[in-house]
Amino acid sequence: MGAGVMQNQGEGTRRRRRGRGKPQPMSEINVTPFVDVMLVLLIIFMVAAPLLTVGVPVELPKTAAGALPADQEEPLTITITAEGSLQIQTTETARGELIPKLRAIAAERTSDQVFLRADGAVPYSRVMEVMGALNAGGFSNIGLVTDIGGPTLDGQDGAAGGADR
């Protein structure tokens, strides 16, 4: 019976000592929230990056040509869809308005580089008409955009690709 009383007094003494001491600062840095935020940002950028490209769907012809070197200024992109409509970047443009719009754009830009994207089903004559309009609009550095992996003239499948001049 006396032993039970002694234990209670000992526990009470311990409780009083804990309450009187100063709280000790935590010396460890918790990096878990930082890692969580970084992973969320990584996922956001991985999802958003493909959406930043020009989003006009065309079936580009395949070729074994190498890619053109990149410029500081984003190149102008002209697209000819399978239906034959013309688009400057993502804005649809009528055939009669193409040259005046190109002249206005060329006056504002420092680079005369333009990328021409055409669906594989578009006739060659239509592509050449648009290239002539690009030249008349003030753009002489025209890159033809293609998909990679097309056939080469030596009979092998090409592994390089991108844009060809």
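Everything that follows concerns the structure shown earlier in this document.
Values in this document were obtained by computation on a predicted structure and should not be read as measured data.

Let us look at the pairing of strand β4 (residues 113-118). The element β4 is largely enclosed, with a buried count of six among its six residues. Residues of β4 alternate between two faces, with Q113, F115 and R117 on one and V114, L116 and A118 on the opposite face, all of them buried. Both strand β1 (residues 76-80) and β4 contribute to a ladder of five bridges, which runs parallel. If you follow L76 over to β4, its bridge partner there is V114.

Okay, the nonpolar core next. With 17 residues, the main nonpolar core has I78, I80, L116, V130 and L134 as its most contacted residues. Counting only elements with at least two residues in this core, the list comes to β1, β2 (86-88), α3 (98-108), β4 and α4 (124-136). Broken down by element, this core gets its largest block of residues, four residues, from α4. Apart from the residues within four sequence positions on either side, V130 is in contact with I78, I80, L86, L98 and L116.

Tracing the backbone through its elements, the reader meets G143 in strand β5 (residues 141-145). By relative accessible area, which is 0% here, G143 ends up buried. In the structure, G143 is positioned 68 residues away from P75 in sequence and 9.7 Å away in space, judged by C-alpha atoms.

The next point concerns α4. Relative to the 18 Å expected for 13 residues at 1.5 Å per residue, α4 spans 18 Å between its end C-alpha atoms, a close match to the ideal helical length. In this fold, the buried residues of α4 make contact with β1, β2, α3, β4 and β5. G138 occupies a position one or two residues after α4 and carries a positive phi of about 105°.

So, how was this worked out
Residues numbered from 1 in each chain as written. Predicted model: local features only at pLDDT ≥ 70, side-chain atom pairs only at ≥ 80, totals over all residues. Heavy atoms only, no water. Buried < 20%, exposed > 50% of the residue type's maximum accessible area, 1.4 Å probe, protein only. Helix = DSSP H or I, 4+ residues; strand = E, 2+ residues; numbered from the N terminus. Pairing = 2+ DSSP bridges. Core = buried A, V, L, I, M, F, W, Y, C linked by side-chain atoms within 4.5 Å. Contact = heavy atoms within 4.5 Å. Expected span 1.5 Å × (residues − 1).

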